[in-house]
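Here is how the chains run, residue by residue.
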Amino acid sequence: MSIEHRTFEHIDNQDERQDIWRRVYAHVFSTAFMQRLSNPNIHYEKPLDEFAQDAADLAIANIPTTKAVVRAPSMV
């Protein structure tokens, strides 16, 4: 019986974080925009872009900046 040794590498996760941030920002901005169009008489505290930025920042707050990747042992 052989024991496999796996190595873990931490790779940059910034592209995935940016992609999620952009998608959340776009979704929240468009949804809030449509809601404000349908209720123009309601006063909102934050501008749309600030509201969407806060939501996107919260969405990626717990996503690590790096992720562990298992590398299979090389066959020598």
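Student: Is there a simple way to explain the packing of aromatic side chains in this structure?
Tutor: Aromatic rings in a pair are described by how distant their centres are and how their planes are angled relative to each other. Counted according to the given criterion, the structure contains two aromatic pairs. Ring geometry for Trp-21 versus Tyr-25: centroids 5.3 Å apart, planes at 15 degrees, classification stacked. Separated by four residues within a single helix, Trp-21 and Tyr-25 lie in helix α1 (residues 14-38), roughly one turn from each other. Relative to Phe-29, the ring of Tyr-25 lies with its centre 5.9 Å away and its plane at 20 degrees, an arrangement referred to as stacked.

Student: I tried to follow the pattern of salt bridges on my own but got confused; where do I start?
Tutor: A side chain with one charge can pair with a side chain of the opposite charge if their charged atoms come near. Inspection of the entire model under this criterion finds two salt bridges. The salt bridge involving Arg-23 is made with Asp-19; its shortest N-O contact spans 3.2 Å. Residue Arg-23 and its partner Asp-19 are located together in helix α1, separated by four residues, close to a single helical turn. Residue Arg-23 is classed as exposed on the basis of its relative accessible area of 53%. Between Asp-54 and Lys-46 there is a salt bridge, with the nearest N and O atoms lying 2.2 Å from each other. Judged by relative accessible area, Asp-54 falls into the partly exposed class, the value being 31%.

Student: When you look at a nonpolar patch on the surface in this model, what are you seeing that I'm missing?
Tutor: A cluster of nonpolar residues, Phe-33, Met-34 and Leu-37, forms a patch on the protein surface that exposes about 320 Å² of accessible area. Tracing the sequence through the fold places Phe-33 in helix α1. What makes Phe-33 partly exposed here is its relative accessible area of 39%.

Student: Is there a simple way to think about the packing of α1 against helix α2 (residues 48-60) in this case?
Tutor: Axis angle and axis distance: for two packed helices, these are the angle between their axes and the distance between the axes, and together they describe the pair. Between α1 and α2, whose axes approach to 8 Å, the crossing angle comes to 140 degrees. With respect to each other, α1 and α2 are oriented oblique. The way α1 lies across α2 gives a crossing that is right-handed. Note on element contacts: α2 touches α1 through Leu-48, Asp-49, Phe-51, Ala-52, Gln-53, Ala-55, Ala-56, Asp-57, Ala-59 and Ile-60, opposite Arg-17, Ile-20, Trp-21, Val-24, Tyr-25, Val-28, Phe-29, Ala-32, Phe-33 and Arg-36.

Student: Whenever I open this one, α2 confuses me. Can you help?
Tutor: Every α-helical turn comprises 3.6 residues, leaving residues that sit three or four positions apart pointing alike. Counted at 1.5 Å a residue, the expected span for α2 with its 13 residues is 18 Å, and the 19 Å between its end C-alpha atoms agrees. Within α2 the residues assigned to the buried category are Leu-48, Ala-52, Ala-56 and Ile-60. In a view along the axis of α2, the buried residues occupy a sector of 85 degrees, so they form one face of it. Those residues of α2 hidden inside the fold are in contact with α1.

Rules used in this analysis
Think of each chain on its own: its residues are numbered from 1, step by step along the sequence as written. In keeping with the predicted nature of the model, local features appear solely for residues at pLDDT of at least 70, side-chain atom pairs appear and are counted solely at 80 or more, and the whole-chain, interface and lining totals rest on all residues. The basis for the side-chain values is all heavy atoms of the structure; hydrogens and waters are excluded. Centre distance within 6.5 Å is the pairing criterion for rings of Phe, Tyr and Trp, where only the six-membered ring of Trp is used; planes under 30 degrees apart are then read as stacked, over 60 as edge-to-face, and the remainder as tilted. Put simply, DSSP H or I for four residues or longer makes a helix, DSSP E for two residues or longer makes a strand, and each gets a number counted from the N terminus. The term salt bridge refers to a side-chain nitrogen of Lys or Arg lying within 4 Å of a carboxyl oxygen of Asp or Glu. Only protein chains enter the accessibility calculation, which uses a 1.4 Å probe. A residue is then buried if its area is under 20% of the maximum for its type, exposed if over 50%, and partly exposed in between. Distance thresholds for patches are 9 Å for like charges and 5 Å for nonpolar side chains (Val, Leu, Ile, Met, Phe, Trp, Tyr), applied to residues having over 30% relative accessible area and no salt bridge. We get accessible surface area from the Shrake-Rupley algorithm with a probe of 1.4 Å; when it comes to residues, only the shown protein chains can shield them. Lines fitted to the C-alpha atoms define the axes, with helices restricted to the stretch that makes contact. Angles between their N-to-C directions range from 0 to 180 degrees. Should an angle lie under 35 degrees it is considered roughly parallel, over 145 roughly antiparallel, and from 65 to 115 roughly perpendicular; all remaining angles are considered oblique. Two helices cross in a left-handed way if the nearer one is turned anticlockwise from the farther one by less than a right angle. They cross in a right-handed way if the turn is clockwise. In what follows, residue pairs with any heavy atoms lying within 4.5 Å of each other are defined as contacts. Take the residue count of a helix, subtract one, and multiply by 1.5 Å to get its expected span. The directions from the helix axis to the C-beta atoms are what the arc is built from.

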